Amino acid sequence: MPTASRLVAATLLALLAVVTSTQVVPLLPEGTDVGYFFHVNAVIGLVVGWVYLGRRVGRGFVQAVNNGLTGIALLVLFALLAQGINEMFRLAMRNRFDGPFEALAAIFSIALDYFFVIAVPSVLLPLVIGGCVIGVMTEHASKRWT
């Protein structure tokens, strides 16, 4: 059921995903084609905000902060998996894998490599602060427009 808290959570998490994506692009190797990087991360932010954060409201301030941090963790996890799958397909089209199981295993190693690229304070700090703020704002929207 659409609620104001779901709308606020989805919008703010998608916005945070786009802002964080702009901070990640300079960390990628030079010449990397980002393609739909921003769009995919924004859609993942919308879905995580709507499905996860939007329905876990009304439990108080501490739980709101926890939900915001968990929402950010889910956003990062799904974004890393999506980018890992994208890179795996790009490499698979160039016949870099010997079989399908090697390609599936490569998704996780590629995602882990991307995690080490983004594991810098200039990316993680805005994610943590943004997650806390988004959780509190979602809780506030739930109390204000219910």
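Now for a description of the structure that goes with this document. (Residues numbered from 1 in each chain as written. Predicted model: local features only at pLDDT ≥ 70, side-chain atom pairs only at ≥ 80, totals over all residues. Heavy atoms only, no water.)

### Topic: helix α1 (residues 4–24)
Residues spaced three or four apart along an α-helix face the same direction, because each turn holds 3.6 residues.
Reasoning step 1: Under the 1.5 Å per step criterion, the end-to-end length of α1 is 30 Å for 21 residues, consistent within 8% with the ideal 30 Å.
Reasoning step 2: Those residues of α1 not exposed but buried are Ser-5, Arg-6, Val-8, Ala-9, Ala-10, Leu-13, Ala-14, Leu-16, Ala-17, Thr-20, Ser-21 and Val-24.
Reasoning step 3: On the buried face of α1, the contacting elements are α2 (37–53), α3 (61–92), α4 (100–118) and α5 (121–144). (Helix = DSSP H or I, 4+ residues; strand = E, 2+ residues; numbered from the N terminus. Expected span 1.5 Å × (residues − 1). Buried < 20%, exposed > 50% of the residue type's maximum accessible area, 1.4 Å probe, protein only. Contact = heavy atoms within 4.5 Å.)

### Comments concerning the pattern of salt bridges
Close approach of charged atoms lets side chains of opposite charge pair.
Reasoning step 1: Applying the stated rule across the entire model yields two salt bridges.
Reasoning step 2: A salt bridge links Arg-90 to Glu-87, with the nearest nitrogen and oxygen atoms 2.5 Å apart. Pair noted here: Arg-90 and Glu-87 are both in helix α3, with a separation of three residues, about one helical turn.
Reasoning step 3: We classify Glu-87 as buried; its relative accessible area is 18%.
Reasoning step 4: A salt bridge links Glu-139 to Lys-143; the nearest nitrogen and oxygen atoms lie 4.0 Å apart. Of this pair, Glu-139 and Lys-143 both sit in helix α5, separated by four residues, roughly a single helical turn.
Reasoning step 5: Assessed through its relative accessible area of 7%, Glu-139 is described here as buried. (Salt bridge = Lys/Arg side-chain N within 4 Å of Asp/Glu carboxyl O.)

### With respect to α2
Reasoning step 1: For α2, spanning 17 residues, the distance from its first C-alpha to its last is 22 Å, which sits close to the expected 24 Å at 1.5 Å a residue.
Reasoning step 2: Turning to α2, its buried residues are Phe-37, Asn-41, Ala-42, Ile-44, Gly-45, Val-48, Gly-49, Tyr-52 and Leu-53. Buried residues in α2, looked at end-on, bunch into an arc of 160°, giving them a common side.
Reasoning step 3: In this structure, the buried side of α2 is in contact with α1, α3 and α5. (Arc of directions from axis to C-beta.)

### Some words on the packing of α3 against α4
Reasoning step 1: Running from N to C, α3 and α4 cross one another at 125°; their axes reach a closest spacing of 8 Å. With respect to α4, the element α3 is oriented oblique. The hand of the α3/α4 crossing is right-handed. Along its contact with α3, which presents Val-76, Leu-80, Leu-81, Gln-83, Gly-84, Ile-85, Glu-87, Met-88 and Leu-91, the element α4 presents Ala-103, Ile-107, Phe-108, Ile-110, Ala-111, Tyr-114, Phe-115 and Ile-118. (Axes fitted to C-alpha atoms, helices over the stretch in contact; angles between N-to-C directions. Parallel < 35°, antiparallel > 145°, perpendicular 65-115°, else oblique. Left-handed = near helix turned anticlockwise from the far one by under 90°.)

### Some remarks on unusual backbone geometry
Across residues other than glycine, the phi torsion is negative in most instances, and most of the peptide bonds are trans.
Reasoning step 1: At Asn-95, a position not held by glycine, the phi torsion is positive, near 55°.
Reasoning step 2: Topologically, Asn-95 is positioned in the loop between α3 and α4.

### Observations concerning the nonpolar core
Reasoning step 1: Counting 21 residues, the largest nonpolar core has Leu-13 and Ile-72 as its most contacted members.
Reasoning step 2: Of all the secondary structure elements, the ones that give two or more residues to this core are α1, α2, α3, α4 and α5.
Reasoning step 3: In this structure, Ile-72 is in contact with Leu-13, Leu-16, Leu-127 and Gly-131, ignoring residues within four places of it in sequence.
Reasoning step 4: Among the nonpolar cores identified, the runner-up in size contains seven residues, and Met-88, Leu-91, Phe-97 and Ala-103 belong to it. (Core = buried A, V, L, I, M, F, W, Y, C linked by side-chain atoms within 4.5 Å.)

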